[in-house]
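# Remarks on the overall topology
Next come the chains, spelled out residue by residue.
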Amino acid sequence: GLCLLVLRVFIGVHVFLVSCALPDSVVRRFIVRVMCSVLGLLVRQSDPRLRGAGARVFIANHVTPFDHNVVSLLTSCNTPALSGAPGFICWSRGFMELGVTGSRAELVDSLKEYSAQQGNPPLLLFPEEAATNGRAGLLRFSSWPFSILDEVQPVALQVRRPLVAVSVADSSWITELLWTFFVPFTVYQVRWMPSVPRRADERSEDFALRVQELLAMELGVVSTRITAADRTEHMKRLRHTAQRLPFAPGGDPGCGTSAWALLWGGSLVPPSLPRGAPEDVRVVAMAQQVKEVLPHVPLEVIRTDLVQTNCVDTTIANLLEGRVHFFPENKEPGDLPAPSTSQAAAASGIQGSVPAPSSKPAPKQFAKSPVERHLSLQERKRALYDYARR
């Protein structure tokens, strides 16, 4: 891997120089595509007859920071730079600088003027506005790319590589480039789809949703309502959790099977925990968190369930709801610190008619009525969850 990395760095410099020296043409795309195969970038396409069938705007899902470079190896297109400082780095990565730093409305107006000139290549846009691994679902499409023209052509991208995840959350484009050079190969599959026109009186939001559903069906994934802003907020929460609990597993909150990890290829362990850390170290750290919330549960029972769930919240739920049987230790659940009055008030404000957990410990005696026992269990579960979230 290291030998490939060093060799491909030198070859990559030559690929960059060749792509800069030759004008945009079929010959240039063929030469650069062959040289990229030496770098381990294998590009395949299906239904090439649908490519460039009069469409001026290509709409694609976003998987890696180099999706626009891969598509440009097959057809002439430009992708506007939406973030990052303009300059040499932006130009060298293959983005088109429009000089627009204002709102999305100004960007749309500038792209409309660009598309009105017939001599310009088509636009390649990524409405997700954030990269995912493409295995679970699509982020919600933004509506502004569908406000430029009344006809778009969807392009389905799928990327696979051995040994290393395709898209890892919070990784930079340089990291992705080095991993691409390190692994033996990375296969990009480009599938051209028929153009989709806008229906009569169809809003841009509805147009975007319809194209998103078509792309999701083509890729065999789910069309989600998770936005790029949700992704950013989720990553902030992960970093905050990693700083507050260094050995807490990544996820929301701590679940290894969450949809977030599937969407972004995120690690189940935060950056503060080394990759080489033994599995039992993580289990012990998570078991200690569960033990603080449920001190009456034997530690061995907690560890056994954590090995199966790899999620603190799931284990707590299993123990509270009786899915895991155990003999309690001396400490009672009622001995736990009760949630504060402000937390109870906030919970009651959110849950509406659901009664807030009492500020005093739950009664230790066994209720006579089944209804009272059920209410007591729900109050204890709510109090324990509030205490765990503090």
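Under an unreviewed UniProt entry, the protein has the name Lipid droplet-regulating VLDL assembly factor AUP1 and belongs to Agelaius phoeniceus. In its Sequence similarities (unreviewed entry) section, the UniProt record describing the protein reads: "Belongs to the AUP1 family."

### So, the overall build of the protein
On a plain count of helices and strands, the protein comes out with 14 helices and 10 strands. Contacts in the protein between residues at least 24 apart in sequence constitute 72% of all its contacts with a sequence separation of at least 6. With the model as given, the accessible surface of the protein reaches about 20,700 Å², and the carbon-plus-sulfur share is 60%.

### Here's the deal with the packing of helix α11 (residues 299-309) against helix α12 (residues 312-320)
Interhelical geometry of α11 versus α12 gives an angle of 125° and a closest axis separation of 9 Å. In terms of their interaxial angle, α11 and α12 are classed as oblique. Considering only the axes of α11 and α12, their crossing is right-handed. Touching V301, I302, D305, L306 and T309 of α11 are V312, T314, T315, N318 and L319, all from α12. For the contact of α11 with α12, a count of residues per class yields five nonpolar, four polar and one charged.

### Here we look at α12
Counting buried residues in α12 gives eight out of nine residues, a clear majority hidden from the surface. When we look at burial in α12, the residues that qualify are V312, D313, T315, I316, A317, N318, L319 and L320.

### Comments concerning the nonpolar core
With 27 residues, the main nonpolar core has F58, L124, V155, L157, V190 and W192 as its most contacted residues. Counting only elements with at least two residues in this core, the list comes to α1 (2-21), α2 (26-38), β1 (41-46), β2 (57-60), α3 (67-72), β7 (151-160) and β8 (186-192). Ignoring any residue separated from it by four or fewer positions in sequence, one finds L157 in contact with A60, N61, V63, D67, V71, F126, Q189, V190 and L219. Core analysis: the next-biggest nonpolar cluster, separate from the first, contains 25 residues, L125, L138, W144 and V211 among them.

### Quick look at the pattern of salt bridges
The full count for this structure, using the stated rule, is nine salt bridges. The salt bridge involving E218 is made with R191; its shortest N-O contact spans 2.9 Å. Here E218 is found in helix α7 (residues 204-219), whereas its partner R191 is found in strand β8, with 27 residues between them in sequence. R191 gets classed as buried once you look at its relative accessible area, which sits at 16%. Each of D24, R28 and R29 takes part in a single network of salt bridges with overlapping partners.

### Remarks on the side chain of D67
Residue placement: D67 occurs in helix α3. Within the buried set, D67 has no salt-bridge partner at all; the shortest N-O distance to an opposite charge, 9.1 Å, is to R161. Here the side chain of D67 touches H62 through a polar contact of 2.9 Å, side chain to side chain. Filtering out sequence-adjacent residues up to four positions away, D67 remains in contact with N61, H62, L124, F126, L157 and Y188.

### Notes on the packing of aromatic side chains
On inspection of all chains with the given rule, the structure shows seven aromatic pairs. Ring geometry for F16 versus F88: centroids 6.5 Å apart, planes at 80°, classification edge-to-face. One end of the pair, F16, is in helix α1; the other, F88, is in helix α4 (residues 88-92), with 72 residues separating them in the sequence. The exposure class of F88 is exposed, given its relative accessible area of 55%. Three or more aromatic residues joined by ring pairs form one cluster here, namely F16, F88 and W91.

### Section: the pairing of β7
Here β7 lies mainly inside the structure; seven of its 10 residues are buried. As judged from the three bridges shared by β2 and β7, these two strands associate in the parallel manner. In the strand pairing of β7, I59 is matched with P154. Pairing geometry for β7 and strand β9 (residues 196-197), over two bridges, is antiparallel. Paired with E151 across the two strands is P197, which belongs to β9. Pairing geometry for β7 and β8, over six bridges, is antiparallel.

### Notes on the confidence of the model for the protein
A residue-level look at the protein finds 71% of positions with pLDDT of 70 or above and a mean pLDDT of 76. Considering only residues more than four positions removed or in separate chains, one finds that residues 256-262, a stretch of pLDDT under 50, has 17 contacts. Note on residues 266-278: pLDDT under 50 across the span, and 23 contacts to partners over four residues away in sequence or across chains.

### Some points on a nonpolar patch on the surface
Judged by side-chain polarity, L22, V27, F30, I31 and V34 come together as a nonpolar surface patch covering roughly 440 Å² of accessible area. Positionally, L22 belongs in the loop between α1 and α2.

### Digging into the environment of T304
Here T304 shows up in helix α11. Separated by 21 residues in the primary sequence, T304 and V283 have C-alpha atoms spaced 9.1 Å apart.

### Some words on unusual backbone geometry
Phi at D47 takes a positive value of approximately 55°, unusual for a residue other than glycine. Turning to its location among the elements, D47 is positioned in the loop between β1 and β2. Accessibility expressed as a relative area gives 43% for D47, which makes it partly exposed. Of note, D201 is a non-glycine position whose phi angle comes to about 60°, a positive value. Within the secondary structure, D201 sits in the loop between β9 and α7.

Rules behind the numbers
Residues numbered from 1 in each chain as written. Predicted model: local features only at pLDDT ≥ 70, side-chain atom pairs only at ≥ 80, totals over all residues. Heavy atoms only, no water. UniProt positions renumbered as here; feature names shortened; annotations may be inferred. Helix = DSSP H or I, 4+ residues; strand = E, 2+ residues; numbered from the N terminus. Contact = heavy atoms within 4.5 Å. Areas by Shrake-Rupley, 256 points an atom, 1.4 Å probe, with all protein chains shown as cover. Axes fitted to C-alpha atoms, helices over the stretch in contact; angles between N-to-C directions. Parallel < 35°, antiparallel > 145°, perpendicular 65-115°, else oblique. Left-handed = near helix turned anticlockwise from the far one by under 90°. Nonpolar A, V, L, I, M, F, W, Y, C, P; charged D, E, K, R; others polar. Buried < 20%, exposed > 50% of the residue type's maximum accessible area, 1.4 Å probe, protein only. Core = buried A, V, L, I, M, F, W, Y, C linked by side-chain atoms within 4.5 Å. Salt bridge = Lys/Arg side-chain N within 4 Å of Asp/Glu carboxyl O. Lys, Arg positive; Asp, Glu negative; His and termini not counted. Polar contact = N/O pair within 3.5 Å; in protein donor to acceptor, adjacent residues only side chain to side chain. Phe/Tyr/Trp six-rings, centres within 6.5 Å; stacked < 30°, edge-to-face > 60°. Pairing = 2+ DSSP bridges. pLDDT = per-residue confidence, 0-100. Patch = residues over 30% accessible without salt bridge, like charges linked within 9 Å, V, L, I, M, F, W, Y side chains within 5 Å.

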